Amino acid sequence: MAQTDVDLVILGGGSGGYACALRAAELDMSVVLIDKAELGGTCLHRGCIPTKALLHAGEVADSARESEQFGVHATLEGVDAAGVRKYQEGVVGRLYKGLQGLVKSRGIEFVQGEGRLVSATAVQVGDTTYTGKHVLLATGSVPRTLPGLEVDGTRVLFSDHALKLDRVPGSVVILGGGVIGVEFASIWKSFGADVTIVEALPHLVPLEDEASSKLLERAFRRRGINQKLGARFSGVEHTDNGVRVALENGEQIEAELLLVAVGRGPVSAGLGYEEVGVAMDRGFVKVDAYCQTNVPTISAVGDLIQTPQLAHVGFGEGILVAERLAGLPVVPIDYLGVPRVTYSDPEVASVGLTEAQATEKYGADSIKTLTYDLAGNGKSQILKTAGAVKLIAEKDGPVVGVHLVGSRVGELLAEAQLIYNWEALPSEVAQLIHAHPTQSEALGEAHLALAGKPLHTHG
Ligand code: NAI
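This one's a predicted model, so the numbers in the text were calculated from it and none came from an experiment.

**Looking at the state of the cysteines**
Taken as a whole and assessed by the stated rule, the structure comprises zero disulfides. With no disulfide of its own, C20 has C291 as its nearest cysteine by sulfur position, at a separation of 9.3 Å. Residue class for C20 comes out buried when judged on its relative accessible area of 0%.

**Notes on the packing of helix α3 (residues 48–65) against helix α6 (residues 179–191)**
To characterise two packed helices, one gives the angle between the axes of the helices and the distance between these axes. Look at α3 against α6: their axes get within 8 Å of each other, and the N-to-C directions meet at 35 degrees. Viewed along their axes, α3 and α6 form a crossing whose handedness is left-handed. Between α3 and α6, the residues in contact are T51, K52, L54, L55, A57, G58, A61, D62 and R65 and E183, F184, S186, I187, K189, S190 and F191, respectively. Here the contact of α3 with α6 is composed, by residue class, of seven nonpolar, four polar and five charged.

**Quick notes on the sheet that holds strand β13 (residues 243–247)**
In space, the three strands of this open sheet follow the order β12-β13-β14, with antiparallel pairing throughout. Strands with a single pairing partner mark the edges of an open sheet, and in this sheet they are β12 (233–238) and β14 (252–255). Going across the sheet, the axis of each strand differs from the next one's by a mean of 20 degrees, ignoring polarity. Direction of pairing for β12 relative to β13: antiparallel, over a ladder of five bridges. Within the sheet, the bridge partner assigned to H238 lies in β13 and is V243.

Cut-offs and rules
Residues numbered from 1 in each chain as written. Predicted model: local features only at pLDDT ≥ 70, side-chain atom pairs only at ≥ 80, totals over all residues. Heavy atoms only, no water. Disulfide = S-S within 2.5 Å. Buried < 20%, exposed > 50% of the residue type's maximum accessible area, 1.4 Å probe, protein only. Axes fitted to C-alpha atoms, helices over the stretch in contact; angles between N-to-C directions. Helix = DSSP H or I, 4+ residues; strand = E, 2+ residues; numbered from the N terminus. Left-handed = near helix turned anticlockwise from the far one by under 90°. Contact = heavy atoms within 4.5 Å. Nonpolar A, V, L, I, M, F, W, Y, C, P; charged D, E, K, R; others polar. Pairing = 2+ DSSP bridges.

Coordinates in, geometry out; function isn't part of it.
Have a look at this one:
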């Protein structure tokens, strides 16, 4: 049996694992990076990147469909699923190639194979044992289903299957109005499908500020996306042409496909974690604020731990672990300060606390909120997008939450993130001149108003 000794052995080559590998190599550590599939993981191959390519293709389709309102005569002849797929695969392929080159150039050994943790310092792949002074677990997550709901990959799909679909479906029921459900609803509606979302809670994207959820629901209603809110799924049966989805209230919905988007669960079963003594909680690996497990030589990052399941959280955690292992000073991540974007049309973006969370933390009398409607923002009017900026601040204190809804508002989050993380006062942001006409002006205007000196709004 062969043995390789290095500083760091990483199990899982997704966002968390490869970010740690890249930073560790930069810090002169020798690294082995192991993945059973392609380097890049869910985000690059089955998540963030391919879905955002589909969303962009959807935007192009909508632009053609709606061109008349801009005085441009264009007709949408159709969406060619194979053509969209080729575009999507081209994007993924170029990034994949770039990432492979990067990993190679940093001297990281990438091993493709099924790894298993066999000791506090070793991962085995086939006949080879990779031993490290440290081990990082970064095996990510997979879609979850509900008890008794079988996902067959042809009529009842997970997002992985949906991404590989060879056609635009005529109709779809989407189970779950969280991030994945909402993004696919947006994609398929743009491509011309009849879409119904079934969400058990009273709102879409229920983790967002309620005002954002309501704006998204209104925009989706205008787009003709059907929404069953506060509706619980009770079962699905196959019909001649697709599926019949039953809800607990007795309602039935027929469609060609059912997409199951009710959350993602950690990939940790059968990988040796428990046997080696790693503390777990319902399949998630338990870590402290520095991504350290109870086993001193083992760290864990990404969707495998109970932090927000976002690729950029994985990047941040991977970097933190590499720097900690290299002996650099590190500080815990403030997860509330991590930006969140749902890339539907319109987009929903936020950082910091929701109004409900801020009320709970500070008390209703100690916060103030301000909503600035994008109707007053020139660039948003040019783009013909509806939405709003909502700010939450401590009374006489810093901004503690920024919530945005509208086309392209995800790009405004960079500024919102600085405002939140630097604990900026509304008056400090109000000092900054924003370029006109941009959508970022909406942030500037909102802060001017919150600082008591509104420009283009009534006080
Ligand atoms: P999610 O947790 O965001 O949403 C699942 C939704 O399903 C919830 O709203 C839940 O109330 C609903 N649900 C659960 N059981 C149900 C039932 N029986 N009937 C009806 N509704 C039910 O999970 P999702 O959308 O699957 O995404 C998984 C993870 O991937 C999330 O943590 C998300 O943050 C991440 N992700 C992030 C993206 C982004 O940042 N743009 C894009 C895609 C995924």
